Amino acid sequence: MKASLPFKYITAVKNGKHYVVFDYKDVNNKRKRKWVGTDLPEKCAKKVLSAKVDEIVSKFSEDFMSGKVANISKAVSANADGTADSSEYEFTAYLKHWLESAKPTIAFTTYDSHRHSIGRISEYFDREFPHLLLSEVTPLQLQKFYNDLYDLGRKGSTIRQYHVNIHRALKYAVKMDIIPANPDDKTDLPKAEKHESSFYNKEELDKLFEVFKGDRLELVVHIAAYYGLRKCEIIGLKWDAIDFEHKTLTVRRKVVCVFTDGKKEIRVENKLKTKSSVRTFPLIPHIERMLLERKRQEEMFSEQLGSEFDREYDGFVCRDNLGKLLEPNFVTGHFCYMVQHNNLKPLRFHDLRH
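Residues numbered from 1 in each chain as written. Predicted model: local features only at pLDDT ≥ 70, side-chain atom pairs only at ≥ 80, totals over all residues. Heavy atoms only, no water.

**Remarks on the overall build of the chain**
So, point 1. Counting its regular elements, the chain contains ten helices and nine strands.
So, point 2. Within the chain, counting contacts between residues at least 6 apart in sequence, those at least 24 apart form 60% of the total.
So, point 3. Entry remark: accessible area of the chain is about 20200 Å², with carbon and sulfur atoms responsible for 51%. (Helix = DSSP H or I, 4+ residues; strand = E, 2+ residues; numbered from the N terminus. Contact = heavy atoms within 4.5 Å. Areas by Shrake-Rupley, 256 points an atom, 1.4 Å probe, with all protein chains shown as cover.)

The following block contains the structure:
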């Protein structure tokens, strides 16, 4: 929705094509809605779609200011209770629209997680309640969705993640006067299971360090165990975050792996979610020695390999001997393999934080 204009509009997908949906009030102060087709398919270039939307909005703005919009017969009237008529919104199409409207306000990793959840929610509702309109969504339908997930063996915490997406999307619809109330307020959810974190004692940790001696993850494992950092924060460390003079290590960025249209993409996020996420630690002596050794090795391999040394992620600490960045998914998978292969007590990489 664009609040700076004398009307509001959103983009929506219907029957595989993009539309611009205008929400405005006529001369009698009655709520109206108009759908304008872009003639663009659902899968199209963002720049092309953005340009077409701008063109349609500009034309609508001219018609609105000239009074022509008031005479458009295809506009949809408001409901008797004064809320906007949502009859043209299909529930699953609206969920995707909500996510796109929220995209600028959330971290990309959060957006990517929501996108996957909404994809699964849409699959269910398109199968169980095809062409369900936003105005027709009931608490019983939503409750059936949560119950079916539970019957399929989904954890309570997983079901609650789906609930968060649905509830926020419907809350936004209420805020925008698209629907009068949030039907998800009346649903019941299973309890979220409490995760019992595992951890190693000193003897087990020493054995873990021995297993990873000389391994690509040796430095990563030590930093995780001694500083309690997340893998995305460790991989996001650059040499500019290591102050050898003042003996400090600062966390100020992270590296995440996401999948866009089925393709893996490595993203460097230079802005962390909160100010408290940026923090500085004293440089532990043995970690300092490992970092200096890593720096020496990197300079050596860079000189020996020359043009064959990967320089895409120059400046990052956690790279292999060919210069390639250690990816988050590799860290998780390789750590799990090494723990199992060496008959160590089962432990997730994330549990090193404990």
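**Side note on the pattern of salt bridges**
So, point 1. Taken as a whole and assessed by the stated rule, the structure comprises 18 salt bridges.
So, point 2. Note that Lys-144 and Asp-148 form a salt bridge whose closest N and O atoms lie 2.8 Å from each other. Of this pair, Lys-144 and Asp-148 both sit in helix α4 (residues 139-151), separated by four residues, roughly a single helical turn.
So, point 3. Each of Arg-127, Glu-128, Lys-144 and Asp-148 takes part in a single network of salt bridges with overlapping partners. (Salt bridge = Lys/Arg side-chain N within 4 Å of Asp/Glu carboxyl O.)

**Description of the sheet that holds strand β9 (residues 279-282)**
Strand pairs in the sheet, formed through backbone hydrogen bonds, run parallel or antiparallel to each other.
So, point 1. Pairing within the open sheet is antiparallel, and its three strands lie in the order β5-β6-β9. Lying at the two open borders of the sheet, with one neighbouring strand each, are β5 (242-243) and β9.
So, point 2. Across four bridges, the pairing between strand β6 (residues 248-251) and β9 is antiparallel. Across the sheet, Thr-250 pairs through a bridge with Thr-280, a residue of β9. (Pairing = 2+ DSSP bridges.)

**Structural notes on helix α5 (residues 156-175)**
So, point 1. Here α5 contains 20 residues, and its C-alpha end-to-end distance of 28 Å stays within 8% of the 28 Å for a straight helix at 1.5 Å per residue.
So, point 2. Structurally, α5 contributes buried residues whose contacts are with α2 (91-102), α3 (108-128) and α4.
So, point 3. Immediately beyond the C-terminal end of α5, within one or two residues, lies Asp-177, with a positive phi of roughly 60 degrees. (Expected span 1.5 Å × (residues − 1).)

**Re the confidence of the model for the chain**
So, point 1. Taken residue by residue, the chain gives an average pLDDT of 85. The fraction at 70 or more is 88%.
So, point 2. Low pLDDT, under 50, characterises residues 71-87; the stretch is placed with 35 contacts to residues that sit more than four places away or in other chains. (pLDDT = per-residue confidence, 0-100.)

**Concerning the environment of Met-65**
So, point 1. Structurally, Met-65 can be placed in helix α1 (residues 46-66).
So, point 2. When the C-alpha atoms of Met-65 and Pro-6 are compared, they prove to be 8.9 Å apart, with 59 residues separating the residues in sequence.

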